[in-house]
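The chain contents come next:
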Amino acid sequence: MVGTDTQSGSETGIISVFYDRSGWDVLLRDILKWCEERNHLFSCDLSLSEDRGDHIRLWIYKQEESSVYREIHSYVKSYIEANPSTRSRVLPYGKALWCYYPNNELVFDRFKINSYPEEILSVRRETLKLYMDLLEGDYSVDGIVAVCLYVFIKLLKLVEKDQIERAVTGIIDEISENINMYNSTVTVQELIDGLLESNDVLGEMYTYWEEDMEWMPTNMQEWLERIKGCMDRYGYPYTCATICDLLGLGKLHSMLIQMLIQMWYDKYRMIIK
């Protein structure tokens, strides 16, 4: 299904590529390469999701040629047929009844893309590229959460010291506004208890804070310089919530990150100020 961008009159569309996350790295890099070779013809936005099954969302907009949407559809379809993925996670009991889509399937315009300012959209692809490098092929939810903790601590260092506490406490408000929490807080606490029982997560987060800029990967340094302008304008909580959305983190794991950052700050606040 193809829609129309009312501002430009060009075709737009959202393709959801249901493909097991164990194969996301290669597929994402292939799609990004294909899109960047044709970026003079259209603009696109890529994001990850676990809604109704693990998938990659590709939003095509601002087309100069109407054939682009059909071409990317054909390209991805051919890729999946040649490289079908095998589901690596067993669906929780009952999930199969709730409209989960089959693996290795393309679905069109079934999901809404959050609306972001153009300035945010312009750095989303660079943010996804950064995470792809930092994840090193591990797109498990645990892997994404671990990298988010690292990146969010680095982002916090860009905040003025007298504003850090406000930034930390503001994350939960931002996430709660954008994610329906239902009654998940107990489950989040259980996740935290399990992590803290076997790992010094808060101590590891403090090493992220103490790490010198020169020890960070070059692409991380460049990304921080670029995103600082967006964060200065939209705030630390909004930036973190946007990244959680980009990476397809659900309510439980978004809140897990927020609560761990809050606990880390409470423990080390006197040292980092």
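The rules behind these values
Residues numbered from 1 in each chain as written. Predicted model: local features only at pLDDT ≥ 70, side-chain atom pairs only at ≥ 80, totals over all residues. Heavy atoms only, no water. Helix = DSSP H or I, 4+ residues; strand = E, 2+ residues; numbered from the N terminus. Buried < 20%, exposed > 50% of the residue type's maximum accessible area, 1.4 Å probe, protein only. Contact = heavy atoms within 4.5 Å. Areas by Shrake-Rupley, 256 points an atom, 1.4 Å probe, with all protein chains shown as cover. Polar contact = N/O pair within 3.5 Å; in protein donor to acceptor, adjacent residues only side chain to side chain. Phe/Tyr/Trp six-rings, centres within 6.5 Å; stacked < 30°, edge-to-face > 60°. Axes fitted to C-alpha atoms, helices over the stretch in contact; angles between N-to-C directions. Parallel < 35°, antiparallel > 145°, perpendicular 65-115°, else oblique. Left-handed = near helix turned anticlockwise from the far one by under 90°. Nonpolar A, V, L, I, M, F, W, Y, C, P; charged D, E, K, R; others polar. Expected span 1.5 Å × (residues − 1). Arc of directions from axis to C-beta.

1. Structural notes on the overall build of the chain
The secondary structure content of the chain amounts to 10 helices and 5 strands. Counting only residues that meet the buried cut, the chain has 48% of its 273 residues in that class. Sequence separation of at least 24 residues holds for 78% of the intrachain contacts in the chain that already meet a minimum separation of 6. Put simply, the chain shows about 14,100 Å² of open surface, and 49% of that area lies on carbon and sulfur atoms.

2. Points about the environment of V151
Among the secondary structure elements, V151 is positioned in helix α4 (residues 141-156). Since its relative accessible area comes to 0%, V151 is described here as buried. When the C-alpha atoms of V151 and L134 are compared, they prove to be 9.5 Å apart, with 17 residues separating the residues in sequence. Ignoring sequence-local partners within four residues, the contact set of V151 consists of Y131, L134, M220 and W223.

3. Structural notes on the environment of H55
Relative to the helices and strands, H55 is located in strand β4 (residues 55-61). In this structure H55 comes out as buried when scored by relative accessible area, which is 0%. Once the C-alpha coordinates of H55 and S16 are considered, the two residues, 39 residues apart in sequence, prove to be 6.2 Å apart. Residues within four places of H55 in sequence aside, it is in contact with S16, V17, F18, Y19, W24, S47, L48, S49 and F111. Among the polar contacts listed, one links the side chain of H55 to the backbone oxygen of D51, at a separation of 3.5 Å. Engagement of the side chain of H55 in a polar contact is seen with the backbone oxygen of G53, the distance being 2.8 Å.

4. Description of the packing of aromatic side chains
All chains considered together, the criterion is met by 9 aromatic pairs. Ring centres 6.1 Å apart and planes at 80 degrees place the aromatic pair W24 and Y139 in the edge-to-face group. Highlighted residues: W24 in helix α1 (residues 24-36) and Y139 in the loop between α3 (118-135) and α4, separated in sequence by 115 residues. For Y139, a relative accessible area of 2% gives the class buried. These aromatic residues form a ring-pair network of at least three members: Y206, W209, W264 and Y268.

5. Examining the packing of α4 against helix α8 (residues 218-234)
The geometry of α4 relative to α8 is characterised by a closest axis approach of 11 Å and an angle of 60 degrees between their N-to-C directions. Classified by the angle their axes make, α4 and α8 are oblique. Here α4 and α8 pass one another in a crossing that is right-handed. Residues Y150, V151, K154 and L155 of α4 form the contact with α8, whose participating residues are M220, W223, L224, I227 and M231. For the contact of α4 with α8, a count of residues per class yields 8 nonpolar, no polar and 1 charged.

6. Let's talk about the packing of α1 against α3
Where α1 contacts α3, the axes come no closer than 11 Å and their chain directions differ by 145 degrees. Viewed along their axes, α1 and α3 form a crossing whose handedness is left-handed. Contact residues: D25, L28, R29, L32 and E36 in α1; R125, L128, K129, M132 and D133 in α3. Of the residues assigned to the contact of α1 with α3, the class counts are 4 nonpolar, no polar and 6 charged.

7. As for helix α7 (residues 201-210)
Most of α7 is tucked away: 7 of the 10 residues are buried. V201, L202, G203, M205, Y206, Y208 and W209 are the residues of α7 that are buried.

8. Quick word on the environment of W24
The class of W24 is buried, set by a relative accessible area of 0%. As a C-alpha pair, W24 and Y139 span 115 residues in sequence and 7.2 Å in three-dimensional space. Aside from chain neighbours lying at most four places away, what touches W24 is Y19, L48, S49, D54, H55, I56 and Y139.

9. Let's talk about helix α2 (residues 67-82)
For α2, built from 16 residues, the straight-helix expectation of 22 Å at 1.5 Å per residue is met to within 8% by its first-to-last C-alpha distance of 23 Å. Looking at α2, one finds that the buried residues are V68, Y69, I72, V76, Y79 and I80. Down the axis of α2, the buried set is contained in an arc of 100 degrees. They therefore lie on one face. Seen from the open side of α2, the exposed residues pointing more than 90 degrees away from its buried face are E81 and A82.

In short, shape yes, function no, at least from these values alone.
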